[in-house]
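Commentary on secondary and tertiary structure
In case you want the letters, here they are:
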Amino acid sequence: MNKILVTRSSMPDFDEYIEEIKDIWESHWLTNMGPKHKKLQAELKEYLGVENIDLFVNGHMSLELSLQALKMQGEVITTPFTFASTIHAIVRNGLEPVFCDINPDDYTIDVSKIESLITDRTCAIMPVHVYGNVCNVEEIQRIAYKYGLKVIYDAAHTFGEKYKGQGIGTFGDVSCFSFHATKVFNTIEGGAACFKNPEFGLDLYRLKNFGIRGPEVVDAVGANAKMNEFSAAMGICNLRHIDEEIAKRKKVVERYRERLGNVSGIKLSPIQEDVQSNYAYFPVVFDENVFGATRNEVCDRLAENDINVRKYFYPLTNMFDCFNGKYNVDDTPVALHISQRVLTLPLYADLSLKDVDRICDIILNI
Ligand code: T4K
């Protein structure tokens, strides 16, 4: 039996990539916002339907530098049910994370709990469209307006999604995508920030290039977070096939839903009205009392069969060792409950339906 991992990078044909990188050999221009970078940026702007977009070396730096470019101080409200990147982007900016619980249906921030966490030190909300499930963007915007807060979406999982026909990158002050190898769309490593305010864009652009304003002026303490030309070339190739890839993922997800949709003790993510999905992840929550086995038992059984699922997102970020017990997980009981019961099943464009059936059979035979 073949080993199945939680995901597998989408790649263009070898020849297509070679063709795309040929002119890099001719020009010797490898990085620092070269022609491939510019081309991909323009193509993504159109595909994602956003006003402005800038490309980064990875999704994390797009988040971290967006927070820096907003020049904020104080507290940022976010959720603990996410990848390390979200919280680290906050803390590495000298900001204080304040953890809001998630809602039990789609695992995004529970908007009914945000206002009670706002203090005179709150400067922003950083919600996560986790697994590609879209947050309650309208309510978040209402709260942000009311209290004068910035909104930075961690949109790492939502490449190409639309909400009510509008590109998901258009919401908030900034929305940041990840183009990591494991994502629906990849540039090997990469990311992007989408935003409305062009002045913010200029600050952000400088910050990804050491804070350099001009040949003799460096007026911000920036980083090096530029996307190189080989990554951009990979993106140009992958973008040509993205709709096909998403359609294939959809078939995989439909098969999982068919097989696992009506099983007692197994809860699937909702199909969100008004959302054009990208089928990024397939999270499954096991209620051990009804299903008869714990999440960890299911995980182990699949591993015995060479199927490598993941516990995204366990542990919660407010439980991380690096915070030495500073945060109380009991403040976010729904997130804790879900994180102890969730598994993300294998999902990628070329996963065969036969393999999906094999995975489901193992789960259902436990
Ligand atoms: N915000 C959120 C909510 C995020 O989920 C992430 C990243 C970010 C921000 C930050 O974006 P980036 O800075 O990463 O662009 C993976 C990814 O590394 C990470 O990008 C992702 N979230 C996170 C959810 O998953 P790991 O440590 O689980 O990856 P790893 O190496 O175990 O890979 C998982 C599976 O993917 C492998 O079993 C096989 C497959 N794979 C992996 C790699 C590296 C491939 O097929 N090809 C590959 O090149 O973190």
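Check the entry above for the structure.
This write-up is about the structure you can find in this document. (Residues numbered from 1 in each chain as written. Predicted model: local features only at pLDDT ≥ 70, side-chain atom pairs only at ≥ 80, totals over all residues. Heavy atoms only, no water.)

Let's shift gears to the overall build of the protein chain. For the protein chain, the helix and strand inventory stands at 12 helices and 15 strands. The C-alpha radius of gyration computed for the protein chain amounts to 21 Å, which stays within 12% of the reference 21 Å derived for 366 residues, consistent with globular compactness. Across the 366 residues that make up the protein chain, the buried fraction comes to 56%. Pairs at least 24 apart in sequence give 71% of the contacts found in the protein chain among residues at least 6 apart. Carbon together with sulfur atoms contributes 50% to the accessible area of the protein chain, which is approximately 16500 Å² in total. The average position of the 39 basic charges and that of the 51 acidic charges among the side chains of the protein chain differ by 1 Å. (Helix = DSSP H or I, 4+ residues; strand = E, 2+ residues; numbered from the N terminus. Rg over C-alpha atoms; globule rule 2.2 N^0.38 Å. Buried < 20%, exposed > 50% of the residue type's maximum accessible area, 1.4 Å probe, protein only. Contact = heavy atoms within 4.5 Å. Areas by Shrake-Rupley, 256 points an atom, 1.4 Å probe, with all protein chains shown as cover. Lys, Arg positive; Asp, Glu negative; His and termini not counted. Charge placed at Lys NZ, Arg CZ, Asp CG, Glu CD.)

Moving on to the packing of helix 3 (residues 59-69) against helix 6 (residues 198-207). Interhelical geometry of helix 3 versus helix 6 gives an angle of 125° and a closest axis separation of 9 Å. Here helix 3 is positioned oblique relative to helix 6, judged by the angle of their axes. In this structure, helix 3 crosses over helix 6, and the sense of that crossing is right-handed. Two secondary-structure elements touch here, helix 3 through Leu65, Ser66, Gln68 and Ala69 and helix 6 through Phe200, Asp203, Leu204 and Leu207. (Axes fitted to C-alpha atoms, helices over the stretch in contact; angles between N-to-C directions. Parallel < 35°, antiparallel > 145°, perpendicular 65-115°, else oblique. Left-handed = near helix turned anticlockwise from the far one by under 90°.)

A word on the pattern of salt bridges. Scanning the entire structure with this criterion turns up 29 salt bridges. Asp203 serves as the salt-bridge partner of Lys71, at 2.9 Å between the closest nitrogen and oxygen. Of the two residues, Lys71 sits in the loop between helix 3 and strand 2 (75-78) while Asp203 sits in helix 6, which places them 132 residues apart along the sequence. Note on Lys71: relative accessible area 63%, which makes it exposed. With a shortest N-O distance of 3.0 Å, Glu115 and Arg142 are connected by a salt bridge. Taken together, the positions of Glu115 in the loop between strand 3 (96-99) and strand 4 (122-126) and Arg142 in helix 5 (residues 137-147) put the pair 27 residues apart, joining distant regions of the chain. Overall, Glu115 belongs to the partly exposed group, its relative accessible area being 26%. Judged by relative accessible area, which is 36%, Arg142 ranks as partly exposed. Here the residues in one salt-bridge network are Glu16, Glu20, Asp23, Lys36 and Arg240, joined through shared partners. (Salt bridge = Lys/Arg side-chain N within 4 Å of Asp/Glu carboxyl O.)

Quick look at the site of the ligand now. Around the ligand sit 24 residues in total, of which Asp154, His157, Ser178, Arg310 and Tyr312 are the nearest. Note that an oxygen atom of the ligand is positioned 2.8 Å from one of the side-chain N or O atoms of Arg310. Between an oxygen atom of the ligand and a side-chain N or O atom of Tyr312, the distance comes to 2.5 Å. Applying the majority rule of atoms within 2 Å of the grid points places the ligand in the largest pocket. Residue composition of the shell around the ligand, grouped by class: eight nonpolar, 12 polar and four charged. (Near = heavy atom within 4 Å. Polar contact = N/O pair within 3.5 Å; in protein donor to acceptor, adjacent residues only side chain to side chain. 1 Å grid on protein atoms, 1.4 Å probe; cavity = no way out; pocket = protein on both sides within 12 Å on 5 of 7 lines; lining within 4 Å. Sits in = over half its atoms within 2 Å of the grid points. Nonpolar A, V, L, I, M, F, W, Y, C, P; charged D, E, K, R; others polar.)

Another aspect to go through is the layout of surface pockets. Volume-wise, the largest pocket comes out at about 510 Å³. Around the largest pocket sit 31 residues that line it, and Phe83, Ser178, His180, Thr182 and Lys183 are the ones nearest its centre. For the lining of the largest pocket, the secondary-structure elements that each account for two or more residues are helix 3, helix 4 (84-91) and strand 8 (174-178). When grouped by side-chain class, the residues that make up the lining of the largest pocket number 14 nonpolar, 12 polar and five charged. In this structure, the second largest pocket occupies an estimated 400 Å³ of space. Lining of the second largest pocket is provided by 21 residues; of these, Gln141, Tyr145, Gly172, Asp173 and Lys196 occupy positions nearest its centre. Of all the secondary-structure elements, those providing two or more residues to the lining of the second largest pocket are helix 5 and helix 6. If one sorts the elements of the lining of the second largest pocket by residue count, helix 5 sits on top with five residues. When grouped by side-chain class, the residues that make up the lining of the second largest pocket number nine nonpolar, five polar and seven charged. (Points joined across faces, edges and corners; volume = space filled by probe spheres on them.)

Next up on the list: empty space enclosed by the protein. What the rule picks out here adds up to one cavity of 30 Å³ or more. The calculated volume of the largest cavity comes to roughly 40 Å³. Around the largest cavity, the lining residues are Val50, Glu51, Asn52, Gly169, Thr170, Phe171, Gly172, Asp173, Cys194, Phe195 and Lys196. Among the residues forming the lining of the largest cavity, the class breakdown is four nonpolar, four polar and three charged.

Let us look at the packing of helix 3 against helix 4. Contact geometry for helix 3 and helix 4: axes closest at 9 Å, N-to-C directions at 30°. Taken together, the axes of helix 3 and helix 4 lie roughly parallel to each other. The way helix 3 lies across helix 4 gives a crossing that is right-handed. On the side of helix 3, the interface is formed by His60, Leu63, Glu64 and Leu67, while helix 4 contributes Ser85, Thr86, His88, Ala89 and Ile90.

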